Amino acid sequence: MRDASPQTTYLKDYTVPEYFIHSVALNFVLDEENTLVTSRLTLSRNPASRSMETDLVLTGENLLLRRVVLNDDTELTDKDYQKTLDSLTVYNVPQQQPFVLTIENTINPKINTALEGLYLSNGMLCTQCEAEGFRKITYFLDRPDVMAKFTTTLVADKGRYPVLLSNGNKIAQGELPGNQHWVSWEDPFSKPCYLFALVAGQLECLEDKFTTQSGRDISLQIFVEPHDLDKCAHAMQSLQNAMRWDEEVYGCEYDLDLYMIVAVSHFNMGAMENKGLNVFNTKFVLARPDTATDSDYEHIEGVIAHEYFHNWTGNRITCRDWFQLSLKEGFTVFRDQEFTGDRTSKAVKRIEDVNMLRTRQFAEDAGPLAHPIRPDAYIEINNFYTLTVYEKGAEVVRMIHTLLGAEGFRKGSDLYFARHDGQAVTCEDFVKAMEAANNVDLSQFRRWYSQAGTPVLTVSHTYNAAGQTLTLTIKQHCPPTPGQAVKEPLHIPVKVGLIYPDGSVAPCQLEGGTAADEVILELTQAEQDFVFTGLTAAPAISVLRGFSAPVKLVMERSLEELAFLLSHDSDTFNRWEAGQQLVGQVIIGLVADVQNNRELRLDPIIIDAFRQVLAQPWEDLSYFSLLLSLPSETYLAEQMEVIDVVAIHKAREFVKLTLAENLQNALQTLYLNNHRDESGQFDAGAIGRRRIKNTCLSYLCALDDLAIKNWAHQQFKTAKNMTDQMAALSVMVNNPHYARKQCLTDFYQQWQHEALVIDKWFALQASSPAPDTFATVQALMAHPAFDLGTPNRVRALIGAFSQANPLHFHAANGQGYQFLADQIIALNTLNPQVASRMISALTSWRRYDASRQALMTAQLERIMSTEAISKDVYEIASKSLA
Ligand SMILES: [Zn+2]
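Residue indices begin from 1 for each chain and proceed along its sequence in written order. Local features in this predicted model are restricted to residues of pLDDT 70 or higher, and side-chain atom pairs are both shown and tallied only at a pLDDT of 80 or more, whereas totals for entire chains, interfaces and linings draw on every residue. Side-chain metrics in this entry use all non-hydrogen atoms of the structure; hydrogen atoms and water are not considered.

What to know about the overall build of the protein
Point 1. Per the convention used, a helix needs a DSSP run of H or I reaching at least four residues, while a strand needs a run of E reaching at least two, with both numbered from the N terminus. What the protein contains, in helices and strands, is 27 helices and 32 strands.
Point 2. The globule rule puts the C-alpha radius of gyration for 882 residues at 29 Å, and the 28 Å found for the protein is close to it.
Point 3. Expressed as lengths along the three principal axes of its C-alpha atoms, the size of the protein is roughly 90 × 70 × 60 Å.
Point 4. Only the protein chains shown count as cover for residues, and all accessible areas are computed by the Shrake-Rupley method using a 1.4 Å probe. Accessible surface computed for the protein: about 33800 Å², of which carbon and sulfur atoms make up 50%. Values of the radius of gyration come from C-alpha atoms, whereas the globule rule sets the reference at 2.2 Å times the count of residues to the power 0.38.

With respect to helix 15 (residues 684-700)
Point 1. Here helix 15 is 17 residues long and its end C-alpha atoms lie 24 Å apart, about the 24 Å a rise of 1.5 Å per residue gives.
Point 2. Residues Ala686, Gly688, Arg689, Arg690, Ile692, Lys693, Asn694, Thr695, Cys696, Leu697, Tyr699 and Leu700 constitute the buried set of helix 15. Take the residue count of a helix, subtract one, and multiply by 1.5 Å to get its expected span. The buried label applies to any residue whose accessible area, calculated with a 1.4 Å probe on protein chains only, is under 20% of its type's maximum; exposed applies above 50%, and partly exposed to all values in between.

Quick notes on the coordination of the zinc ion
Point 1. Distances from the zinc ion to its protein donors, His306 (NE2), His310 (NE2), Glu329 (OE) and Glu329 (OE), fall within 2.0 to 2.7 Å.
Point 2. Any nitrogen, oxygen or sulfur atom within 2.8 Å of a metal ion counts as a donor, with the limit raised to 3.2 Å for Na, K and Ca, and since water is left out, coordination shells can look unfinished. Tetrahedral means four donors with every angle between 85 and 135 degrees, whereas square planar (four donors) and octahedral (six donors) require angles over 155 degrees between opposite donors and between 65 and 115 for all others; sites fitting neither are termed irregular. One can describe the donor arrangement at the zinc ion as irregular, given that its four donor atoms subtend angles of 54 to 152° at the metal.
Point 3. In the primary sequence, the donor residues of the zinc ion line up as H-x3-H-x18-E. Here the residue histidine 310 occupies a position in the loop between helix 2 (294-309) and strand 22 (318-319), and glutamate 329 occupies one in helix 3 (residues 325-343), the gap between them amounting to 19 residues. An identical accessibility class is assigned to histidine 310 and glutamate 329; each is buried.

Comments concerning the packing of helix 17 (residues 722-734) against helix 18 (residues 740-751)
Point 1. Axis definition: a line fit to C-alpha positions, over the contact stretch in the case of helices; interaxial angles, taken between N-to-C directions, run 0 to 180 degrees. Interaxial distance between helix 17 and helix 18 falls to 9 Å at its minimum, and their mutual angle equals 145°. Between helix 17 and helix 18 lies a crossing whose hand is left-handed. Along the contact surface, helix 17 presents Met722, Gln725, Met726, Leu729, Met732 and Val733, while helix 18 presents Arg740, Cys743, Leu744, Phe747, Gln750 and Trp751. Here a crossing is taken to be left-handed if its near helix is turned anticlockwise relative to the far helix by less than a right angle, and right-handed if that turn runs clockwise. A contact between two residues is defined here by any heavy atoms of the two lying within 4.5 Å.

Notes on the sheet that holds strand 13 (residues 163-166)
Point 1. We treat two strands as partners when DSSP finds at least two bridges between them. The strand order 10-11-16-13 describes an open sheet built from four strands, whose pairing is antiparallel. Each of the sheet's edge strands pairs with one partner strand only, and the pair in question is strand 10 (117-121) and strand 13. For this sheet, the mean inter-axis angle between neighbouring strands, taken without regard to orientation, is 20°.
Point 2. Here strand 13 runs beside strand 16 (residues 198-201); their pairing, made up of four bridges, is antiparallel. Paired with leucine 165 across the strands is valine 199, a residue of strand 16.

A word on the state of the cysteines
Point 1. By definition, disulfides here are pairs of cysteine sulfur atoms that lie within 2.5 Å. Per the counting criterion, the structure on display carries zero disulfides.
Point 2. No disulfide involves cysteine 126; its sulfur sits 10 Å from that of cysteine 129, the nearest cysteine.
Point 3. Not part of a disulfide, cysteine 193 finds its nearest cysteine sulfur in cysteine 129, a span of 6.8 Å.
Point 4. Accessibility expressed as a relative area gives 1% for cysteine 193, which makes it buried.

Things to note about the environment of alanine 242
Point 1. Mapped onto the fold, alanine 242 is located in helix 1 (residues 233-250).
Point 2. Look at alanine 242 and you get buried, because its relative accessible area is 0%.
Point 3. Each C-alpha atom of the pair alanine 242 and serine 802 lies 34 Å from the other, and the pair is 560 residues apart in sequence.
Point 4. Residues contacting alanine 242, with those up to four places away along its chain left out, are Ala305, Tyr308, Phe309 and Phe339.

A closer look at helix 27 (residues 871-881)
Point 1. For helix 27, a buried count of eight out of 11 residues is recorded, marking the element as mostly surrounded by other parts of the structure.
Point 2. The elements touched by buried residues of helix 27 are strand 23 (377-378), helix 23 (815-830), helix 24 (832-838), helix 25 (840-843) and helix 26 (850-864).

Quick look at the side chain of threonine 471
Point 1. With respect to the helices, strands and loops of the structure, threonine 471 is situated in strand 26 (residues 469-477).
Point 2. Those residues in contact with threonine 471 that lie beyond four places of it in its chain are Ser460, His461, Thr462, Asp529, Phe530 and Val531.

Focus on the sheet that holds strand 25 (residues 456-464)
Point 1. A sheet is described by the order of its strands in space; here four strands give the open sequence 30-26-25-32, paired in mixed fashion. Across the chains shown, the open sheet's two edge strands, defined by having one partner strand only, are strand 30 (527-532) and strand 32 (552-554). Each strand axis lies, on average, 25° off the axis of its neighbour in the sheet, ignoring direction.
Point 2. Direction of pairing for strand 25 relative to strand 32: parallel, over a ladder of three bridges. Its bridge partner being in strand 32, threonine 458 is matched across the sheet by valine 554.

Some details on the pattern of salt bridges
Opposite charge on two side chains makes pairing possible when the charged atoms of those side chains draw close.
Point 1. Throughout this description, the term salt bridge denotes a Lys or Arg side-chain nitrogen within 4 Å of a carboxyl oxygen of Asp or Glu. Inspection of the entire model under this criterion finds 58 salt bridges.
Point 2. Linking aspartate 230 and lysine 231 is a salt bridge whose minimum nitrogen-to-oxygen distance equals 3.6 Å.
Point 3. With relative accessibility at 43%, the residue aspartate 230 sits in the partly exposed group.
Point 4. On the basis of relative accessibility, which here comes to 2%, the residue lysine 231 falls in the buried class.

Brief notes about unusual backbone geometry
Point 1. That bond from glutamate 130 to alanine 131 is cis: its omega, 0°, falls within 30 degrees of zero.
Point 2. Among the secondary structure elements, alanine 131 is positioned in the loop between strand 11 (124-128) and strand 12 (148-157).
Point 3. A positive phi angle is found at leucine 115, which is not glycine, with a value near 60°.
Point 4. Note on leucine 115: relative accessible area 3%, which makes it buried.

Right under this line is the structure:
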């Protein structure tokens, strides 16, 4: 734990490392409470360093140092080095030639509840080193621009740890007296220590192979606890799909002979791309049709691909420093988004990604924690694994892709790989490669890397019938963010299409250009006019197609215009967006009616629009179901000056109920037509059928209709897959239902031995709008299956309540805030990383009324006064209050 005013690290202070570590030979004698680590480092002075220091400063935390030996023959004494809580300084190391330093220390994995470094999960020993966990294993130059060749030997009890894994290829193994055994691993590729991993435990393995485009056979292994071996097939298939896709789309082939994935039940993040040995949260590996939903299946494939893609974008080419995190994450998220789009439905994937960006990243960008995708400063780097770095980072890469086109982008990525393979580089190096390969100037575009905040585009237009021209005027403005009062105009690609009143495509022909179905406008100034010619009638304008930039769009449009676009826009994203704007505007109007105690009436244009959507034949049923979905309460909240969670909930529920009443027959028919008792079908057709059917069920269950309630109950009882069972349980928990209590009990009984399913059971109850939810959440905290030390469970109960239940979390009496603060204070010492992530629900306090603001800030101040506050929690809580 830290003192109360931790240090800030600044990008501008970056200097090259004073020393390099060329190779490291690690030896672990593994034990739950007392693991002995011997590290033999070969080092040399970095000739590029201008520092005159002759001392070597290594980082290390929570380590018990046993001995330090120089050049294999000189045992150093405490006169030769100094040890502090987080470093080891060795005085006067050789400057002229390489030298060897051998360090012996011990660590205690059992008390490591922060889950960084080496820790214990269900009897298995495993590691998490990104960002700065390696320093909790041994003393090292724990920074990504120090890349070394690792050899690792693991020694352990054969009975407790029959499987011993580390990075690279297995090179030797043997037996030792006392039922011990050892295995040696060698990774031929230089890597930073954050990519180091080891795993030891009683694990079973699913094995398969992949033949690369050049004909090499790669052995693929997925390791899990024995009872989970029947839930690995989808992860294996996903890995093979990802390997093929990366060869086809990026020309990237896997480099080692072995690729291993280990599923771990205690994990702070989603998964980790350690070289050749990925460590995964079980949530993103394990799936069987009866235990995992369709969206679990999709997320598993996406995360498996993401970590695999890191082998090139992250491992072969890594980050120079942690400020460059978006270099590997933004690019890799973009790659996994495109992969999932190709594998499933491009339209649906884009809408889901944009939904997440707009509800959560935009809020981050508008709040006290706003930061550019390449931050300038941090106290705790773990706090910068944010939606901004990941999701907005991916949008920035996507804009480069849009500006250069697929072919140009591929030329750029080829050059990036060719130039920087084996190096630790910066975001600037990435942009330079894109520029050089395409002979373009992205100088102004670079501002996306340094400017925080979400730009607002204001669009207006005039049609000149005599000249048959349309002038589109686009203004850009980016509100101030902490530390950035003034913003420069950005380079923004705006994709536009035009539609004639009869629904046909109008030509997009800019003055002096050629006609096309759609065009990408490059906005570079604060205000710019774009003149379209040859338009025989005033067209409807479809702006920001495909969400071509991460911006907010302000454009006066009547409900009729939006309804027209919902019927006629050929761009799948904008068609859906028109529907969301249409119903969103109406709900926001109703929110005002709720606040003023006016009678609620739904504009018939909404019912008509939904009726038309329902009447059309849709091939992509998942997309169809998105067209029928209402904007989330969180998204609606973002549209309000002062968020009123109660009024939003009432207005949205009213719209849902009114639509159900008016469209009951159509919704029922659709439900029945798509209801099958299917198991194990994961093609787009089956997934789409389940999705549209369950969307209908959710509407219908808003009605007080016993027959419909029986449908839900029946679906719950007979479901052969988790998607259907969960959807049925969800409508029973979220609406008054006679069998609610019984089904929750039955569900728990049925799945009590499947941790990931029980996480769903916790999350569902924690996010319910039912009036007794807060009492339920408190009771669940005392449930024997709840454990504050298991991050997945914490996210399922405390995370779902605080982040997915605005109605109850923001209860006017402040009980939700106090509850969350209690949990954060408890987690602060147990797991600082998870604790600091939970604060986000309090960060946006400025968006609420004065009374809630006072209640929320009081809890943030209470968190700040926690004894032994971790720097993770300190940074987020203090910045939230600033
Ligand atoms: Zn990643």
